[in-house]
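Examining the three-dimensional arrangement
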Amino acid sequence: MKLALVEAELAFSEGEVPVGAVIVKDSRIIGRGHNRTRALNDPTAHAEMIAITAACETLQSEHLEGADIYVTLEPCSMCAGAIVLARLKRLYFGVQDAKAGACGSVFDIIREPRLNHKVDVYAGISSGEAERLLKDFFLKLRE
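Residues numbered from 1 in each chain as written. Predicted model: local features only at pLDDT ≥ 70, side-chain atom pairs only at ≥ 80, totals over all residues. Heavy atoms only, no water.

This next bit is on the packing of aromatic side chains. Here the structure, examined in full by the defined rule, presents four aromatic pairs. Between Tyr-92 and Tyr-122 the ring centres are 5.0 Å apart and the planes differ by 20°, which places this aromatic pair in the stacked class. Separated by 30 residues along the polypeptide, Tyr-92 in strand E4 (residues 90-95) and Tyr-122 in strand E5 (residues 120-123) bring together distant segments of the chain. Judged by relative accessible area, Tyr-92 falls into the buried class, the value being 17%. Its relative accessible area of 36% is what places Tyr-122 among the partly exposed residues. Each ring, one from Phe-137 and one from Phe-138, has its centre 5.1 Å from the other, and the planes form 85°; the classification is edge-to-face. An aromatic cluster is present here, built from Phe-12, Phe-137 and Phe-138 joined pairwise through their rings. (Phe/Tyr/Trp six-rings, centres within 6.5 Å; stacked < 30°, edge-to-face > 60°. Helix = DSSP H or I, 4+ residues; strand = E, 2+ residues; numbered from the N terminus. Buried < 20%, exposed > 50% of the residue type's maximum accessible area, 1.4 Å probe, protein only.)

In regular strands, side chains alternate between the two faces of the sheet. Most of strand E3 (residues 68-73) sits inside the fold, with five of its six residues counted as buried. Relative to E4, E3 runs parallel, the two being bridged by five bridges. Looking at E4, one finds that Ile-69 is bridged to Leu-91. For the crossover that starts at E3, traverses helix H4 (residues 77-85) and ends in the parallel E4, the hand is right-handed. (Pairing = 2+ DSSP bridges. Right-handed = clockwise from strand over helix to strand, strands pointing away.)

This paragraph deals with the sheet that holds E3. Taken in spatial order, the five strands line up as E2-E1-E3-E4-E5 in an open sheet, and their pairing is mixed. At either end of the open sheet lies a strand with only one pairing partner, and these are strand E2 (28-34) and E5. Between one strand axis and the next, the sheet turns by 15° as a mean value, whatever way the strands run. (Axes fitted to C-alpha atoms, helices over the stretch in contact; angles between N-to-C directions.)

This paragraph deals with the packing of helix H3 (residues 47-59) against H4. It is the contact of H3 with H4, at a shortest axis distance of 9 Å, that shows an interaxial angle of 25°. One finds that H3 runs roughly parallel with respect to H4. Judged by the twist between their axes, the crossing of H3 over H4 is left-handed. Contacts from Glu-48, Met-49 and Ile-52 of H3 reach H4 at Met-78, Cys-79, Ala-82 and Ile-83. Here the contact of H3 with H4 is composed, by residue class, of six nonpolar, no polar and one charged. (Parallel < 35°, antiparallel > 145°, perpendicular 65-115°, else oblique. Left-handed = near helix turned anticlockwise from the far one by under 90°. Contact = heavy atoms within 4.5 Å. Nonpolar A, V, L, I, M, F, W, Y, C, P; charged D, E, K, R; others polar.)

The following block contains the structure:
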């Protein structure tokens, strides 16, 4: 999670909502990313999507079986769907997202029983640091 926080800090420094993601398989980082929606003018350029794309490129596979994703903020519905489709094994996230979270807060796509892949979810990992970054970002934005 510490490396996901580093990615979130990069997003913050670039004027993006500070969310970072890192994907690990067999104790090796295979993908990482941070929000780039403003820089790329792309609403799909979330940290998770960038990390998943990088990990798939690393493994030369559309599936990431056996890999874990660490994200500073609870994934939205788009990212939760991508996590399921990529067949990630575990999701670790920091702060719950009461407005758009799709891993238990608002929706629970990640645990939808009708989907054919199940992801283990662990919430609240390094949540204090992740929450501080988000609060600082939105405070700065309001100023």
